[in-house]
Amino acid sequence: LVDFDLKASAAQSAALQQAAASGNLSKDQERGMSPEQKKQLEELYKKREESMKKNTALNEAYSAAKTAMDNKQYDVAIENYNKAGELDPRQGAVWAGLAQAYEQFAKTKTGADYDTNMQKSAETWTKALALNPEDAGLHNNYALALAGSKKFPEAQAELEKAATINPSGAGQYYYNLGALEVNSNQNDAASEAFQKAIACTPPYAEAFYQYGLTLLAKASLDKDGKTIPVPGTVEALQKY
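Residues numbered from 1 in each chain as written. Predicted model: local features only at pLDDT ≥ 70, side-chain atom pairs only at ≥ 80, totals over all residues. Heavy atoms only, no water.

Q: I tried to follow helix H5 (residues 92-106) on my own but got confused; where do I start?
A: Since the α-helix advances by 3.6 residues per turn, residues separated by three or four positions end up pointing in the same direction. Here H5 contains 15 residues, and its C-alpha end-to-end distance of 21 Å stays within 8% of the 21 Å for a straight helix at 1.5 Å per residue. Burial runs high along H5: 12 of the 15 residues are buried. (Helix = DSSP H or I, 4+ residues; strand = E, 2+ residues; numbered from the N terminus. Expected span 1.5 Å × (residues − 1). Buried < 20%, exposed > 50% of the residue type's maximum accessible area, 1.4 Å probe, protein only.)

Q: Explain the pattern of salt bridges here, please?
A: Side chains that carry opposite charge are capable of pairing whenever their charged atoms lie near each other. One pass over the full model with this rule turns up five salt bridges. We note a salt bridge from Asp88 to Arg90, for which the minimum N-O separation is 3.0 Å. Relative accessible area serves as the criterion here: at 63%, Arg90 is assigned to the exposed category. Glu158 is paired through a salt bridge with Lys161; the nearest N and O atoms lie 3.3 Å apart. With Glu158 and Lys161 both in helix H8 (residues 152-165) and three residues apart, this pair spans about one turn of that helix. The class of Lys161 is partly exposed, set by a relative accessible area of 42%. (Salt bridge = Lys/Arg side-chain N within 4 Å of Asp/Glu carboxyl O.)

Q: Can you help me understand H8 in this one?
A: With 14 residues, H8 extends 20 Å between its outermost C-alpha atoms, agreeing within 8% with the 20 Å of an ideal straight helix rising 1.5 Å per residue. Turning to H8, its buried residues are Phe152, Ala155, Glu158, Leu159, Ala162 and Ala163. Down the axis, H8 shows its buried residues gathered within 145 degrees of arc, on one side only. When the buried face of H8 is taken as reference, the exposed residues oriented beyond 90 degrees from it are Pro153 and Thr164. At its buried positions, H8 is contacted by helix H6 (111-131), helix H7 (136-148) and helix H9 (170-183). (Arc of directions from axis to C-beta. Contact = heavy atoms within 4.5 Å.)

Q: Would you mind showing me how to read unusual backbone geometry here?
A: It is generally the case that most residues other than glycine have a negative phi and that most peptide bonds are trans. Here the residue pair Pro202 and Pro203 is connected by a cis peptide bond, since its omega of -15 degrees sits within 30 degrees of zero. You will see that Lys72, though not glycine, has its phi angle at about 60 degrees, which is positive. Its place among the elements puts Lys72 in the loop between helix H3 (35-70) and helix H4 (74-87). Lys72 gets classed as exposed once you look at its relative accessible area, which sits at 62%.

Q: Please explain the packing of aromatic side chains as it appears in this structure.
A: We describe a pair of aromatic rings using the distance from one ring centre to the other and the angle between the two ring planes. One pass over the full model with this rule turns up four aromatic pairs. Each ring, one from Tyr209 and one from Tyr240, has its centre 4.7 Å from the other, and the planes form 40 degrees; the classification is tilted. Here Tyr209 is found in helix H11 (residues 205-216), whereas its partner Tyr240 is found in the segment after helix H12 (233-239), with 31 residues between them in sequence. Among the aromatic side chains, those forming a connected cluster through ring pairs are Tyr175, Phe194 and Tyr204. Between the NZ or CZ atom of Lys127 and the centre of the ring of Trp95, over which it lies, the distance is 4.6 Å. (Phe/Tyr/Trp six-rings, centres within 6.5 Å; stacked < 30°, edge-to-face > 60°. Lys NZ or Arg CZ within 6 Å of the ring centre and 35° of its normal.)

Q: How should I be thinking about the side chain of Thr214 in this particular structure?
A: Topologically, Thr214 is positioned in helix H11. In this structure the side chain of Thr214 is engaged in a polar contact, spanning 2.6 Å, whose partner is the backbone oxygen of Tyr211. (Polar contact = N/O pair within 3.5 Å; in protein donor to acceptor, adjacent residues only side chain to side chain.)

Laid out in structure tokens, this is it:
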């Protein structure tokens, strides 16, 4: 921690370093230090104090953000997550929390405000991924944010990455995408996503059901008003 005088004995040097780390120096140790050593130690204490203050502020901001999320105060959560990110941009949990806050805040908005917050959510997921690129869950969450912004090709690419990293979770990743696409009236894309979910995780009952519903939406009516389902509809629902 401190480059003490090389003439000092190994035992003395170790004792001084331990004292520097703990912040406690005996009077004998202090008397035995050179002016240069004392200056270095003062600098160390100053840095440690600054680090402790920063960590305290970081923990307070992060805790405030999580509390705000629990209370659905998403604007407050965003403010505090951003504060935590400025204090330490190396904390993946902060960026993940901020991305979720933007996404939830977007759901309380419409039009341009919705689009802006979903875009911020997607951008923030990339910051979390930059710190943990092999986290399949982060790729999945990023994909959902992209899908929420109707960027379906990009979302599918992220889900492909998630599936490669964690093949056992691929079915769930595609199911999540299909559900979002259904909600966005992207029936054909949803149908494809549910088929991939079925292929990745057989037998996936809920995926068969949702796939059947996407096919049912394509049904037509004959001249007597009777429903004519497209091929595969009955089979999917029977499989479910």
